[in-house]
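Topology and contacts: notes
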Amino acid sequence: MKSMKRLLSVVLSIAVLPALSVIQVQADTSALASSYNTNVNYIAYATDVEDQAQSNYCWAYMADAVLESYLLKNGMVSQIDLSEWDMIHQLGSGAHAFSDMYTGGSYRQAVAYWTRGSLYGPRMEADSALTDYYVSETAELGRYQRDVPQSKQNYIQNIKNLVVTYGAAGVSVWFSAQERAMTTKDGAYYYPQEASPGVNHGVTVVGWDDNFAPQWFYNGLTTPHQPQNKGAFLVKNSWGRYDAASIGGNTGYYWISYDNYFQDAFAVTQVASRSNLCHYIYETDYRGLYDFGPGSSFGQTYQLHNGPQWLTGISTYVRAGANYRFYLNNQELTQCGGTMAQTGYHTFQLTTPVLVNGTMELRAEVSSSEDAIPLACSAKSYEPDGGNVCLKAFTKSQWGNSSSYPGWNPGTGTSSSITGVTITPQECTVMQGTSRLFQAKVLGSGAFSQRINWQISGVSSPNTRISENGILYVGADEGSSVLYVYANSEADPTHSAAARVEVQRSPSGSASTPNNGTSNGTNINGTPNNGADRPNGTIITGTPVENEPDSSDPASANINGSAGQQPDEIYTSVRVGTVDKGVYSIWEDGSAEYTKCTAFGRTSVNIPAEVKINGKTYGVTVLDQGCMRGLKKVKTVTIGKNVMQIEEDAFYGCKQLKKIKIKSELLEYIGEDAFRGIAANAVIYVPRSCLEEYRQMIRESGNSKVRVKAYN
């Protein structure tokens, strides 16, 4: 599917957490390139290297780097610098502080900071201004089994999945600042897994090279001195740019051998607008997740303040493979729940808000082969908070009387003029393993947002999903015969439209596999790959976070010490390639997406109709969100004949862009603000047969003044 929304001595912590179980999720690892994002002079979706100085707060720098990369990857910002010290201060002081924060922490503390209260969340480094970002979902890989080589290989591959899909991944390793001169050679760090006492430092994975040679590493403290296998991750560290042991002695980046021990990999997978999500957050789990415990249900009762409100969502920490059903005052909330595809923090947004008044009793029923009750953390990061559980409720203030739900306008709290939503098509058939674009229009009078929140129901496969721009992908293993797609007005969630989708079985019994290239192809830097077929592996997901060095390695046990079961679920991935300074993603249907332009100095950019990666040719059908956002020198752009979608902010802020030629007659969608902020005298040239249709789409995308002309 084309994903349209589509971050000195260090000790992480001194607390020993209970043993954590492992869940495996099947992944298409063969679709990954042999190298990605390897040019240390330009790292896509990465912010500047920070310096944690003499502190134990590497986890905060790692976490913010992961979030910053997500925001860059998804075009939500063109540059950003979040404040680690605000995170540390908020978590270390006040009524809901950690008492042992000075000893270190983990990304779980960062997630607690990002998600709690209306006055918390990511703040800017420059002025400590509170941003509107709410981290609504994360993915967590937990641990792999040290004594199972395939488990390690799968873990490495699925860190790559997170990096490619979400921009970066945080991971914990054993890395001593005092010993770096003895364990590092020209920025290449190696500490053998079998000698590693656990983990004590957090770094941010931004790229990899499967062919990185073992001889580039040397550890004078251990035997063996060099890795047995080739391959390394490129990571951003937090010991400052001018760390003498880093690559070049002035970058702050390191190569870390695959033969090192890794643990607790995670990524931010979705960020919502806090102001659109809620006015109030009801919670008791201010310090986030401690661990998962046994049981089949958990709940929390809240007393509402400020009168009747509308429940807009629920969040909790979930486990892969577990099924969740939610109840409000003993009535099931059928709008949310289901079987989870990945472990992590998850926000369930309601399709239609529910009016609540007085007392709000929330309850979740869980069906899982493993412990899945999310226990809240106490002031001591290594202890649970009594019987308290992690279950948040999001509400918005009431407009009108309690028996009706008038227009929804988060910005002003006043009635809007929205009267309905239409969806196209209303009925269709989609084959397993293929995708379909849905379009929606918000109806009404006056000025209002056309933004749509998309949802699907009736899904049986974790691979069946819908993008934030209405592209439905039906998983190759989807078992349901009928699905329903819902288009909900973001400005007024009471107005929505639904489409019925019949799922057609693949003629051969399974969907066609993506084109994975050939053994004699090239990697994204144009150098020959090793020709070896990479096996299909599994994502290791599970309970995250132990940051205390632990020689017992409890990776294969659950918190009661018994062996955990490992259900398999598919987790798809993409291959990324770079051609002529353009970064491309290859998706399950065999098409290509123009993800990022790295030709910052060019005045003219050509986005071709087709692109060749690893010896295979793909039609370029999508321009990704923010793919050329903020390029200051580009003046002309040509868009190829196969493009069907131009996503949000694609050319936002290209102030010198004066001429855009769209050759495609297949264009079906132009995202909001795609052409906002281009040159005042710009002209967009389009095929004559599409002039009126394209002009209307461009106007509706947010640029009402740009001239649109036919070129033939």
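The structure displayed is predicted, hence computed values, not measured ones. (Residues numbered from 1 in each chain as written. Predicted model: local features only at pLDDT ≥ 70, side-chain atom pairs only at ≥ 80, totals over all residues. Heavy atoms only, no water.)

Before going further, it helps to examine the sheet that holds strand β28 (residues 465-466). Working definition: the strands of a sheet are paired by backbone hydrogen bonds and lie parallel or antiparallel to each other. One open sheet accounts for three strands, arranged β25-β29-β28; its pairing is antiparallel. Strands at the two margins of the open sheet, each flanked by one partner only, are β25 (435-437) and β28. Across three bridges, β25 lies against strand β29 (residues 471-473) in antiparallel orientation. Within β29, the position partnered with Leu437 by the bridge is Ile471. (Pairing = 2+ DSSP bridges. Helix = DSSP H or I, 4+ residues; strand = E, 2+ residues; numbered from the N terminus.)

A large share of strand β4 (residues 169-173) lies buried, amounting to five of its five residues. Alternating residues of β4 divide into Ala169, Val171 and Val173 and Gly170 and Ser172, and every residue in both groups is buried. Bridge count between β4 and strand β7 (residues 201-209): five bridges; the pairing is antiparallel. Opposite Gly170, over in β7, you have Thr204 as the bridge partner. (Buried < 20%, exposed > 50% of the residue type's maximum accessible area, 1.4 Å probe, protein only.)

Next up on the list: the nonpolar core. Judged by nonpolar contacts, the single largest core of 79 residues is most densely connected at Trp114, Ile159 and Phe233. Per element, the largest residue contribution to this core is ten residues, and it comes from helix α1 (residues 58-73). When neighbours within four sequence positions are excluded, Phe233 is seen to be in contact with Ile156, Ile159, Lys160, Val205, Gly207, Trp208, Tyr254, Trp255, Ile256, Tyr258 and Phe262. Counting 43 residues, the second-largest nonpolar core is a separate cluster that includes Val620, Leu667, Phe675 and Cys690. (Core = buried A, V, L, I, M, F, W, Y, C linked by side-chain atoms within 4.5 Å. Contact = heavy atoms within 4.5 Å.)

On the basis of which strands lie adjacent, the open sheet formed by five strands has the order β37-β40-β42-β44-β45 and parallel pairing. The outermost strands of the open sheet, each flanked by one partner alone, are β37 (604-607) and β45 (707-710). The sheet shows a mean angle of 15 degrees between the axes of neighbouring strands, taken without regard to direction. Summarising the sheet, strand β44 (residues 683-686) and β45 pair through four bridges and their orientation is parallel. (Axes fitted to C-alpha atoms, helices over the stretch in contact; angles between N-to-C directions.)

By the definition in use, this model includes 22 aromatic pairs. Ring geometry for Tyr57 against Trp85: centres 5.5 Å apart, planes inclined by 80 degrees, an arrangement best described as edge-to-face. Within this pair, whereas Tyr57 is found in the loop between β2 (35-36) and α1, its partner Trp85 is found in helix α2 (residues 84-92), the two being separated by 28 residues in sequence. Residue Tyr57 is classed as buried on the basis of its relative accessible area, which comes to 13%. By relative accessible area, which is 45% here, Trp85 ends up partly exposed. (Phe/Tyr/Trp six-rings, centres within 6.5 Å; stacked < 30°, edge-to-face > 60°.)

Moving on: the confidence of the model for the chain. This prediction gives the chain a mean pLDDT of 80; 82% of its residues lie at or above 70. Note that residues 1-30 has pLDDT below 50 and, in this model, 190 contacts with residues that lie over four places away or in other chains. pLDDT under 50 marks residues 399-416. Its contacts with residues more than four places away, or in other chains, come to 39 contacts. (pLDDT = per-residue confidence, 0-100.)

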